[in-house]
Amino acid sequence: MNLNHLKYVYFIGIGGIGMSALARYFKTKGAKVVGYDKTATVLTDKLSSEGIEIHFEENVNLIGSPDLIIYTPAIPKENLELEYCFNNNLNILKRAEALGLLSNGLPSVAIAGTHGKTSVTTLLSHLYKNSKIEVNAFLGGISANYNTNLLVSDNAEIQVVEADEYDRSFLKLNPTYAAITSVDADHLDIYGDGSHLVEGYKEFAKLATKQLFVKKEIESTINIPGAITYALKDSTADYFAENIKIENGSYHFYLCTPNKNIKNLKLGIPGWHNVENAVLASAIFLQTGGNSETLKNGLANFKGVKRRFEKHFESAKKVYIDDYAHHPTEINALVTSVKELYPNDEIVGFFQPHLFTRTRDFAEGFAASLSLLNELVLVPIYPAREKPIEGINSEWLLNKVNGPKKYLLQPSSLPLYAVVSPCRVVLTIGAGDIDKTIEPIKNKLIETCN
């Protein structure tokens, strides 16, 4: 199926970050784009302002006669619109299937992993864009450089996609180049246990028709001969960083490659984990036609991904950073990086757990990573696609956390607490709708803490 000449495309779950990129893509190709989602968000508001029709009630009469329907696996199977499309044998594809078809005839890079895939995908796409390599990119976050999750060119030479492991969607892709950043357990509601998740990643790794990139510490786990390895500091990897220094809040390092060392690189965003992400993005960029000079420029002027270590306010009294972290490993990396940048300041974290199953499955990990904070405020669990699980709630998780002062609050209380907390550094953390508190918190801090 040629997806570039469709006149009408309908989306079920259009407000998802990956779905919205596809919706924008078809809009740029001149198609009429209409979609359903459960609730209005900042992102759906933006899509509407771009001329995409969106409704928020399940109504099969609003579907019409599209050339193609695209749905996200995050939509419940009992959704009325989804049931209607399948029962009437309409032309329907899962999001990843559509992405796979769009890459036909074009070299593609697919980035997978429990952590880091959005940052790597966005940075790699920026490196291509910065070097004048024409790129189509479907991002899992909003690029701070371009204020969008879609980069598109009529003369694209390569396509970059984020490979989502949820529901084994990444197995529907057709990558020329593939990368795996991590295989930490997640989505156990789908995979059952970590070993089955790893098997999924192994199957994904085999899809790369030209080259696979893997983090050195999981090389033996994935076990694909000929894979290019990368690491933060491990000198046995094909690509790694050395001479890493922090100067004025920025990370400077050398990139060691199989052929040479590229010196005096500066990364435009903070965090040791982001240096590691930059090593991978740089490796793929150099292996696919990029050069060291444009690499230097691209790394230095990269502004990051919105909701990934995004600083919203800083004064002598307060610092406010927002982050999408929703897994214990990600929270640990976030808090560790904040402590490194602000070693003399205490930190309060406002965390919204994401999914009842994830909260249950990783409770001990969450307790350990959240204990790194000086103060912790939990808000109610964001359910997303899930029904509540008896006994699993934020109070249950809070009782497992040791160390910091800890409280339960509603999201509406966070702006005032950000001001009255004795901690200088304020973090909002989570992948649900805690982002709705960003502007109120920022405005309260501007009002009272300048």
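Model, not experiment: these values are computed from the prediction.

Engineer: Explain the pairing of strand β9 (residues 158–162) to me, using residue names and the numbers behind them.
Structural biologist: Counted residue by residue, β9 has five buried out of five residues, so it is predominantly covered. Burial along β9 is two-sided: Ile158, Val160 and Glu162 facing one way and Gln159 and Val161 facing the other are all buried. Examined bridge by bridge, strand β7 (residues 135–143) and β9 share four bridges and lie parallel to one another. By the bridge assignment, Ala137 is partnered in β9 with Val160.

Engineer: Before we move on, could you go through the sheet that holds strand β19 (residues 375–378) and cite the residues and values that matter?
Structural biologist: The sheet built from six strands is open, its strands ordered β16-β17-β21-β18-β19-β20 with mixed pairing. Lying at the two open borders of the sheet, with one neighbouring strand each, are β16 (310–314) and β20 (405–408). The average undirected angle you get between the axes of adjacent strands in this sheet is 15°. Sheet analysis places strand β17 (residues 319–323) next to strand β21 (residues 425–429), joined by five bridges and oriented parallel. Looking at β21, one finds that Asp323 is bridged to Ile429.

Engineer: So, the pattern of salt bridges: which residues are in play, and what are the values?
Structural biologist: Inspection of the entire model under this criterion finds 17 salt bridges. The partner of Lys46 in a salt bridge is Glu50, with the nearest N and O atoms 3.1 Å apart. Relative accessible area serves as the criterion here: at 37%, Lys46 is assigned to the partly exposed category. A salt bridge links Arg424 to Asp345; its shortest N-O distance comes to 2.9 Å. In this pair, Arg424 is assigned in the loop between α15 (414–420) and β21 and Asp345 in the loop between α11 (328–341) and β18 (347–351), connecting sequence segments 79 residues apart. Judged by its relative accessible area of 18%, Arg424 is buried. Through salt bridges with shared partners, a single network forms among Lys311, Glu314, Asp345 and Arg424.

The rules behind each value
- Residues numbered from 1 in each chain as written.
- Predicted model: local features only at pLDDT ≥ 70, side-chain atom pairs only at ≥ 80, totals over all residues.
- Heavy atoms only, no water.
- Buried < 20%, exposed > 50% of the residue type's maximum accessible area, 1.4 Å probe, protein only.
- Helix = DSSP H or I, 4+ residues; strand = E, 2+ residues; numbered from the N terminus.
- Pairing = 2+ DSSP bridges.
- Axes fitted to C-alpha atoms, helices over the stretch in contact; angles between N-to-C directions.
- Salt bridge = Lys/Arg side-chain N within 4 Å of Asp/Glu carboxyl O.

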